[in-house]
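The residues making up each chain are set out below.
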Amino acid sequence: MSVVVLRTVVLYIAIVLALRIMGKRQLGELQPAELVVTILVSNIATLSIEDTNIPLLGSILPIFMLVSCEVLVSVIILKSGYARKMISGNSRILIRDGVLDQEEMRNLRWSIDDVTEQLRMNNIFDIRDVSFAIVETSGYLSAYPKFSARPVTAQMMNIPPNGEPDAPPMTVINDGVLDRDALTFLNLREEWLYKILEEEKVTVQDVFLMTCDRRAQYSIEVKSKRRRKQ
Amino acid sequence: MKRFYICLAVIAGIIGVCIFSMHRVSEMKDRVDTYAQAVFTAVEEEDYEKTLASVRELTTYWEEEHKVLVRYIRHAQVDDISRSMFKLESLARYKAYHDLTAELSSIVWQANQIWDSERINVGNVM
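Residues numbered from 1 in each chain as written. Chains lettered and ligands numbered in written order. Predicted model: local features only at pLDDT ≥ 70, side-chain atom pairs only at ≥ 80, totals over all residues.

Participant: Hey, could you run me through the overall build of chain A in this one?
Facilitator: Counting its regular elements, chain A contains ten helices and eight strands. Taking all 230 residues of chain A together, the buried fraction comes to 17%. Taking the contacts inside chain A whose residues are at least 6 apart along the sequence as the reference set, 52% of them involve residues at least 24 apart. (Helix = DSSP H or I, 4+ residues; strand = E, 2+ residues; numbered from the N terminus. Buried ≥ 20, exposed ≤ 12 C-beta atoms within 10 Å, placed from the backbone. Contact = placed C-beta atoms within 7 Å.)

Participant: Quick question: what am I supposed to make of the nonpolar core here?
Facilitator: Core analysis: the largest hydrophobic core is formed by 24 residues, its most contacted members being B:A36, B:V39, B:L58, B:L88 and B:I107. Where this core is concerned, the elements lending two or more residues are helix 1 (2-44), helix 2 (48-69), helix 3 (75-93) and helix 4 (97-118) of chain B. For this core, the element with the most residues is helix 1 of chain B, which contributes eight residues. In this structure, B:L58 is in contact with B:Y35, B:A36, B:V39 and B:L88, ignoring residues within four places of it in sequence. Listed in part, the 16 residues of the second largest apolar core include A:A18, A:M22, A:V41 and A:F64. (Core = buried A, V, L, I, M, F, W, Y, C linked by C-beta atoms within 7 Å.)

Participant: For this particular structure, what's the right way to read the pairing of strand 5 (residues 170-174) of chain A?
Facilitator: Two faces belong to every sheet, and in a regular strand the side chains alternate between them. Residues and elements named next belong to chain A. Note that strand 5 and strand 7 (residues 207-212) share four bridges and pair antiparallel. Bridged to I173 within strand 7 is M210. Pairing geometry for strand 5 and strand 6 (residues 177-178), over two bridges, is antiparallel. Bridge assignment links I173 to a residue of strand 6, and that residue is L178. Counting the residues between successive antiparallel strands, the hairpin from strand 5 to strand 6 contains two residues, one of them, D175, with a positive phi of roughly 55°. (Pairing = 2+ DSSP bridges.)

Participant: What should I look at first to understand the interface of chain A and chain B in this one?
Facilitator: Interface size is commonly expressed as the accessible area that is lost once the parts come together. Between chain A and chain B, the residue contacts involve 14 residues of the former and 15 residues of the latter. The element best represented in the side of chain A that touches chain B is helix 4 (residues 57-79) of chain A, accounting for nine residues. Across the side of chain A that touches chain B, the residue classes tally to ten nonpolar, four polar and no charged. (Nonpolar A, V, L, I, M, F, W, Y, C, P; charged D, E, K, R; others polar.)

Participant: For this particular structure, what's the right way to read the environment of A:T38?
Facilitator: Here A:T38 shows up in helix 3 (residues 32-50). For the pair A:T38 and A:I63, spaced 25 residues apart in sequence, the C-alpha separation works out to 9.6 Å.

Participant: Please explain the sheet that holds strand 8 (residues 218-222) of chain A as it appears in this structure.
Facilitator: Where strands meet in a sheet, backbone hydrogen bonds hold them as pairs that are either parallel or antiparallel. Read from one edge of the open sheet, four strands run 6-5-7-8 (chain A), paired in antiparallel fashion. Each edge of the open sheet is held by one strand with a lone partner, namely strand 6 and strand 8 of chain A.

Participant: I keep staring at unusual backbone geometry and nothing clicks. Help me out?
Facilitator: Only a minority of non-glycine residues have a phi that is not negative, and only a minority of peptide bonds are not trans. Residue and element names in this part refer to chain A. Of note, the phi angle at N158 is positive, near 55°, even though the residue is not glycine. Inspection of the secondary structure puts N158 in the loop between strand 4 (141-145) and strand 5. With a phi close to 60°, K201 is a non-glycine residue in the positive phi region. In this fold, K201 is placed in the loop between helix 9 (190-199) and strand 7.

Participant: Got a minute to help me understand helix 3 of chain A in this structure?
Facilitator: The α-helix winds at 3.6 residues per turn, so residues separated by three or four positions along the chain end up facing the same way. All names here are of chain A. In a regular helix each residue adds 1.5 Å, so 19 residues correspond to 27 Å; helix 3 covers 28 Å between its end C-alpha atoms and thus fits that length. Where helix 3 is concerned, the buried positions are V37, V41, I44, A45 and S48. Down the axis, helix 3 shows its buried residues gathered within 100° of arc, on one side only. What points out from helix 3, more than 90 degrees from its buried face, is the exposed set I39, S42, N43, T46 and E50. (Expected span 1.5 Å × (residues − 1). Arc of directions from axis to C-beta.)

Here is the structure:
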């Protein structure tokens, strides 16, 4: 039994390593080839965990081979448009000016429920509000609303920028750990941070979360007493 | 591009392991064959001491080889040979030469089977 548990741990480490090699892009948005790799990896790993007669290498090598092939194919796709079309397919236009392309729906085998569901995920509840909708190669529907249905922006209202920086607030202290890279990104100095903490009568270790933006506007959440004791 | 080169290195490593394992299995098949031939010859000559020594040589070799083979060959295949292998000494000691040669033939056949299943050819790939 302990052998099974140890094999599982080894395989877990191998899969995590393999997925790290695959990269974040693949984890976030699965292309057809990536989906195949993900399913195969899980199946191959299960075989070795269930059957101790199968050598561990018999699972680890195919997993790394699959992931390596996947990365190589993604590089080829990146370099060659033809390969991209062959492996990932093309995006398809599904709605033009509020009108559904029924022929394309049949080709994609999408029902009207599929379309409306995907539109709702884009915050669009009426097909007539769609100016343009494209089915991406990953299977997601990207929709561009008509002007009348678009949310109002500062640009539409001709509101001038109020000097607020475009960069969002960043986490400077996470569970008592200072992120120096974030401070550098925000153009802030450590001296400033320690001065603020002194004013707030806390140390870095006492802070659960501290966020800050480029205008040095910050918010501090102190650790609860129970967590501080640990 | 860093990942691309990591993957090339991983693939090179995997190919290396495959070549090593094939070489090892091929060597195992040849050595089992050679040791078995030595036993067959000793049995034909009805030389008790030589038979026993040849069998011991084969089983000692197999004890070491078994540890390496189970890392990349299905354990059941290797275990079948081991099971037969450890009968050999008793059979030789008690001069059960008929059973000894039968068991030995089975071992040679199984070793060849492992080699056949590891070889790169259309039949195995398909």
